[in-house]
Amino acid sequence: PISITDKDGNALEAGHLVGTGCIVTVGTDVLTVVVPGDVDGDGRKGVMDLIVLKQTILTASELDTPNFKAADMDENGKLNIFDLLRIKLNILNGN
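This text gives an overview of the structure that appears in the document. (Residues numbered from 1 in each chain as written. Predicted model: local features only at pLDDT ≥ 70, side-chain atom pairs only at ≥ 80, totals over all residues. Heavy atoms only, no water.)

With that settled, consider the overall build of the chain. Broken down by element type, the chain carries three helices and three strands. Helices and strands in the chain line up, N terminus first, as β-β-β-α-α-α. Here the C-alpha atoms of the chain give a radius of gyration of 14 Å, agreeing with the 12 Å that 2.2 N^0.38 yields for 95 residues. A burial count over the chain gives 28% of its 95 residues as buried. Looking at the chain alone, contacts between residues at least 24 apart form 36% of all its contacts between residues at least 6 apart. Summed over all atoms, the accessible surface of the chain reaches about 6,200 Å², with 56% contributed by carbon and sulfur. Computing the positive centroid from 8 side-chain charges and the negative centroid from 14, the chain places the two 8 Å apart. (Helix = DSSP H or I, 4+ residues; strand = E, 2+ residues; numbered from the N terminus. Rg over C-alpha atoms; globule rule 2.2 N^0.38 Å. Buried < 20%, exposed > 50% of the residue type's maximum accessible area, 1.4 Å probe, protein only. Contact = heavy atoms within 4.5 Å. Areas by Shrake-Rupley, 256 points an atom, 1.4 Å probe, with all protein chains shown as cover. Lys, Arg positive; Asp, Glu negative; His and termini not counted. Charge placed at Lys NZ, Arg CZ, Asp CG, Glu CD.)

With that settled, the discussion passes to helix α1 (residues 47-59). Between its first and last C-alpha atoms α1 spans 18 Å; for 13 residues at 1.5 Å apiece the expected length is 18 Å, and the two agree. For α1, the complete set of buried residues consists of Asp49, Leu50, Leu53 and Thr56. What you see down the axis of α1 is that its buried residues fit within an arc of 130 degrees, all on one side. Of the exposed residues in α1, the ones pointing more than 90 degrees away from its buried face are Val47, Leu58 and Thr59. (Expected span 1.5 Å × (residues − 1). Arc of directions from axis to C-beta.)

The next subject is helix α3 (residues 81-92). Helix length check: α3, at 12 residues, gives a terminal C-alpha distance of 16 Å against a target of 16 Å (1.5 Å per residue), a fit within 8%. Within the span of α3, buried status applies to Asp83, Leu84, Ile87 and Asn90. Here the buried residues of α3 occupy an arc of 125 degrees about the axis, which is enough to place them on one side. In α3, those exposed residues whose orientation departs by more than 90 degrees from the buried face are Phe82 and Leu92.

Printed below as a string of structure tokens:
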């Protein structure tokens, strides 16, 4: 059986988007979803993702591992302005 829950373990209702931090369980395998650019975990790339990443960079705060991976668009292990710009360009280009 396959199950999908949000990061808090609540079952995802029909029609809800699967976003960064959701947990997919397939049999005994448990996987954490990472959607590139979906920093806030709502399943979409949008302005809130830019705001969360900007605040993270400016305040030197930390994100949970899945959210960090979603924000690290160039996969260099650091969050910086280049990641922010890539997400912004993806949003503007409809990707």
